[in-house]
Amino acid sequence: MSERLGRYEIVGELATGGMAEILLARKEGPGGFERAVAIKRILPNFVNERSFVDMFVDEARIAARINHTNVVHYEELGQDEGQLYLVMEYLEGESALSLQRRARARGHALSFAECAYVVAQAASGLHAAHEMNDLNGNPLDIVHRDISPQNIFITYRGEVKVMDFGIAKAADRITVTEAGALKGKFAYMSPEQADGANLDRRSDVFSLGIVLYELTTGRRLFRRATPVATLRAASKARVVAPSSVVPDYPSALEEVCLKALAKDRSERYQTADEFRRALLVAIRVIAPDTFPQDTLPQTLVALFSDRIEEKRQLLRKVSSGSVITSIPSGETEVAVELPSVEDMLDAPEDDAPQDASTGPALPSDTGAPARRRPRLATAAVAILTLVGGALAWSLRDGPAVASVSGDGEANVHELADEPANAAVPTASNENVPAQADMVEVHCENAPATVYLDGLRIGESPVQVPRPSVDVALELRHEGFETLRTRLRADGPDVRTFRLTSAARPARMGSSMRRSMRTAPMQPTMASNRPDDFPVF
């Protein structure tokens, strides 16, 4: 690519999302100095959308204030010929999700201490964000809202960085989210987030607890076969004790994990720093003779030696001004499926042994929690069905963008569901389908409210990912008849509809009123069968 943004030369594309793209760029300085940076830019067809621009600026304002070693560094918010762009530090490493997948693919078990260390460092970065004040000393009440393994990055030197504040909540945001609007990845939501309630820092603590659970057990906690079921599981917040999944799970670490995952937020760690301190104590108990800050880089080198060399070559080319012909892929082992806790245990979800609403079932000195017998693997794995009705929620500030990752993870973001590693050359595009996979729903004569399978998405025009199966689509607006149809999996990329005005009841004359008093009423039947819907 031979494009320039201000003083930056664009040398390649890392990933493209629904409304934003991540670019690899070369920053030029005096004396031939050059280094790599990552640039985030709104896609051209959205640069004139005021709501998206405001959200883009919000992200820059929030993230740029946080100066902490465990938070990715935003260097600059720039503008070039009307194009706004964010410049971020370039990092060499992998996301926590990539680490987990590669370890599973290579048959390598991550140590409990290393996993706890990664989460403790992420908690340190989160706490720094939560504690931020404005220039007058007033709390900003920042809540990340999108903590997940995709947004926790680990450099090859063992540094841990929290990333992607694109949907973070803060007291002084330009854009304001409608109460009850849902944003984030369903499988990593706190119960209050899944219910659309008001959020505080304890929601991020819960999400980070999910990351700890999954890193240490190798199992997905709330992921289910469909986005709707995943959201329901997050709302219920029933947590199977880690020792029921991994028999030798350390009791000291289990106590910390379950407290972070308490459904009642008053029973969780009240700050991310409390969570961090508890993790460090647990590390000393379970691995007194090891230092995970030293062993973690060794683990990364052992697992990613091929990618480390590939990225070193890329950096040398960037620094020397050479032409970049290829960029390392984003996430690794994307075909690796991480099984759900639900898939590994006999008990149905409603009979899960741990209900966080009644407090975590902590291990005692007399024995570990009761363990359940893992069941045999079934002959076939259920194919994840992407139900369009569960992929997006209403946003007042503009069209919502929903996306689904390669492992069926549903996400709803205000601006774009950026790749997990948006600030690094290993940016993942698994959470942001190409725009060809999106379906735009338009209404010609009214800002219709769009529903899929009975769930509200937002006001038209709105984009949703193309469903893998046909789903019911409704468009509603006051004063118009509800339009009911089907959203076809193999239909066109743009669906345009026109609502019919609702007929006003005619005023009754005296003769009509008399006839109604004397004539018997005839029963009528309105059909609502799917076969009556027009199919597009």
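Shown above is the structure to which this text applies.
Description of the structure in this document. (Residues numbered from 1 in each chain as written. Predicted model: local features only at pLDDT ≥ 70, side-chain atom pairs only at ≥ 80, totals over all residues. Heavy atoms only, no water.)

1. A few points about the side chain of Gln 193
Rules: Working definition: helices are DSSP H or I runs of at least four residues, strands are E runs of at least two. Numbering for both runs from the N terminus. Buried residues are those whose accessible area, probed at 1.4 Å on protein chains only, stays under 20% of the maximum for their type, while exposed residues exceed 50% and partly exposed ones sit between those limits. In protein, a polar contact requires one atom able to donate a hydrogen and another able to accept it; more generally it is a pair of N or O atoms within 3.5 Å, and residues adjacent in sequence count only if both atoms are side-chain atoms.
Note on placement: Gln 193 falls in helix H4 (residues 191-194). Among the residues examined, Gln 193 registers a relative accessible area of 4% and is labelled buried. For Gln 193, the side chain forms a polar contact with the main-chain oxygen of Arg 145, separated by 3.0 Å.

2. Notes on the packing of aromatic side chains
Here is the rule we go by: Between 30 and 60 degrees the pair is tilted, below 30 it is stacked and above 60 it is edge-to-face, where a pair is any two Phe, Tyr or Trp rings, Trp via its six-membered ring, whose centres lie within 6.5 Å.
Using the criterion set out here, one finds six aromatic pairs in the structure. When the ring of Tyr 8 is compared with that of Tyr 85, the centres are 6.2 Å apart and the planes differ by 80°; the resulting orientation is edge-to-face. One end of the pair, Tyr 8, is in strand S2 (residues 8-16); the other, Tyr 85, is in strand S6 (residues 83-89), with 77 residues separating them in the sequence. Neither Tyr 8 nor Tyr 85 differs from the other in exposure class; each is buried.

3. Quick look at helix H1 (residues 50-65)
The cut-off we apply is this: Given the number of residues in a helix, its expected span is that number minus one, multiplied by 1.5 Å. Two residues form a contact once any of their heavy atoms are found within 4.5 Å.
Spanning 16 residues, H1 covers 23 Å between terminal C-alpha atoms, matching the ideal 22 Å at 1.5 Å per step. Burial analysis of H1 places twelve of its 16 residues in the buried class, the great majority of the element. Taken together, the buried positions of H1 are occupied by Ser 51, Phe 52, Val 53, Asp 54, Met 55, Phe 56, Val 57, Asp 58, Glu 59, Ala 60, Ile 62 and Ala 63. Buried residues in H1 make contact with strand S4 (34-42), strand S5 (74-80) and S6.

4. Some words on the pattern of salt bridges
Heads up, the condition is: By convention in these notes, a salt bridge is any Lys or Arg side-chain nitrogen within 4 Å of a carboxyl oxygen on Asp or Glu.
Taken as a whole and judged by the stated rule, the model has 28 salt bridges. Across the pair Arg 224 and Glu 342 runs a salt bridge, and its minimum N-O distance is 3.6 Å. One end of the pair, Arg 224, is in the loop between helix H5 (201-217) and helix H6 (227-236); the other, Glu 342, is in helix H11 (residues 341-344), and 118 residues separate them in sequence. Take Arg 224: its relative accessible area is 10%, and that puts it in the buried class. Here the residues in one salt-bridge network are Glu 3, Glu 21 and Arg 41, joined through shared partners.

5. Thoughts on the nonpolar core
Counted only if it meets this: For the purposes of this section, nonpolar cores are sets of buried Ala, Val, Leu, Ile, Met, Phe, Trp, Tyr and Cys residues that join through side-chain atoms within 4.5 Å.
Core analysis: the biggest nonpolar cluster contains 95 residues, and Phe 165, Leu 208, Tyr 213, Phe 222, Phe 275 and Leu 279 have the highest contact counts within it. No other element matches helix H3 (residues 112-130), which puts 13 residues into this core. Apart from residues lying up to four places away in sequence, Leu 208 is in contact with Val 119, Ala 122, Ala 123, Leu 126, Ile 147, Ile 152 and Phe 275.

6. Some remarks on the environment of Arg 41
Within the element layout of this structure, Arg 41 appears in strand S4. With 15 residues separating them along the chain, Arg 41 and Phe 56 place their C-alpha atoms 8.8 Å apart. In this structure Arg 41 touches Glu 3, Leu 5, Met 19, Ala 20, Glu 21, Leu 23, Phe 56, Gln 83, Leu 84 and Tyr 85, once residues within four positions along its chain are discounted. Polar side-chain contacts of Arg 41 include one of 2.6 Å to the side chain of Glu 3. At a separation of 2.7 Å, a polar atom in the side chain of Arg 41 contacts the side chain of Glu 21.

7. Remarks on the sheet that holds S5
Selection criterion: Paired strands are those between which DSSP finds at least two bridges. Think of each axis as a best-fit line through the C-alpha atoms, taken over the contacting stretch in the case of a helix, with angles from 0 to 180 degrees between the N-to-C directions.
Spatial ordering of the open sheet is given by S1-S2-S3-S4-S6-S5, a layout of six strands whose pairing is antiparallel. Edge positions in the sheet fall to strand S1 (3-5) and S5, since each of these pairs with one other strand and no more. In this sheet, neighbouring strand axes are inclined to one another by 40° on average, regardless of whether the strands run parallel or antiparallel. Sheet contacts for H1: S4, S5 and S6; angle to S6, the most-contacted strand, approximately 25°.

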